[in-house]
Amino acid sequence: MERKIRTISNREIFAIARDTLLEGSTVRIAVNGESMLPFFRSGSTILLRPVRAEDIRTYNVVMADAGHAFVVHRIVKIDDDKITLLGDGNIYGTESVSRDKIYGVVDCSALHLFFAKIWLWLRPVRRFPLAIFRRVM
């Protein structure tokens, strides 16, 4: 039997993940890229579950539709309906999304969230440890 291989774009696979989350199921996805270093590296797997209202909190990692692309980034600021996201491996380049564009959340341990707070506090100087993480990982 001949196997056919089909390449699916990130947008298509995340749209499927969004629909699955909206149906109430969890989704396991492989991380691709360095935007969430040092917490999630490329090739690692994360589990997304459907988002609940109480999950929209600073420091949580969420999957959202940022318009130009789906992202799995950390919440850094909440203003009424506008949620600001930033990848841990990014120094600049936040995304702003509305609450209804957030579909999934990664359950992180209390220790993970503690270190995420420190990492965000280090944002002005984190380009230096990021350079090391990128070389090592």
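Below is a short write-up of the structure. As the structure is a computational prediction, the values presented were derived from the model and not from experiment. (Residues numbered from 1 in each chain as written. Predicted model: local features only at pLDDT ≥ 70, side-chain atom pairs only at ≥ 80, totals over all residues. Heavy atoms only, no water.)

## Some remarks on the pairing of strand 6 (residues 95-98)
Looking along a regular strand, one sees side chains alternate from face to face of the sheet. Side chains of strand 6 alternate between two faces, with Glu95 and Val97 buried and Ser96 and Ser98 left unburied. Here strand 5 (residues 82-86) pairs with strand 6 via four bridges, running antiparallel. The residue bridging Leu85 from the neighbouring strand is Glu95, located in strand 6. (Buried < 20%, exposed > 50% of the residue type's maximum accessible area, 1.4 Å probe, protein only. Helix = DSSP H or I, 4+ residues; strand = E, 2+ residues; numbered from the N terminus. Pairing = 2+ DSSP bridges.)

## Things to note about a nonpolar patch on the surface
A surface patch of nonpolar side chains, amounting to about 580 Å² of accessible area, comprises Leu111, Phe114, Phe115, Ile118 and Trp121. Relative to the helices and strands, Leu111 resides in helix 2 (residues 110-121). (Patch = residues over 30% accessible without salt bridge, like charges linked within 9 Å, V, L, I, M, F, W, Y side chains within 5 Å. Areas by Shrake-Rupley, 256 points an atom, 1.4 Å probe, with all protein chains shown as cover. Salt bridge = Lys/Arg side-chain N within 4 Å of Asp/Glu carboxyl O.)

## A short note on the packing of aromatic side chains
Taken as a whole and assessed by the stated rule, the structure comprises two aromatic pairs. Centre to centre, the rings of Phe14 and Phe70 are 6.0 Å apart; their planes meet at 20°, and the pair counts as stacked. One end of the pair, Phe14, is in helix 1 (residues 10-22); the other, Phe70, is in strand 4 (residues 70-79), and 56 residues separate them in sequence. Taking relative accessible area as the criterion, Phe70 reaches 9% and is therefore assigned buried. (Phe/Tyr/Trp six-rings, centres within 6.5 Å; stacked < 30°, edge-to-face > 60°.)

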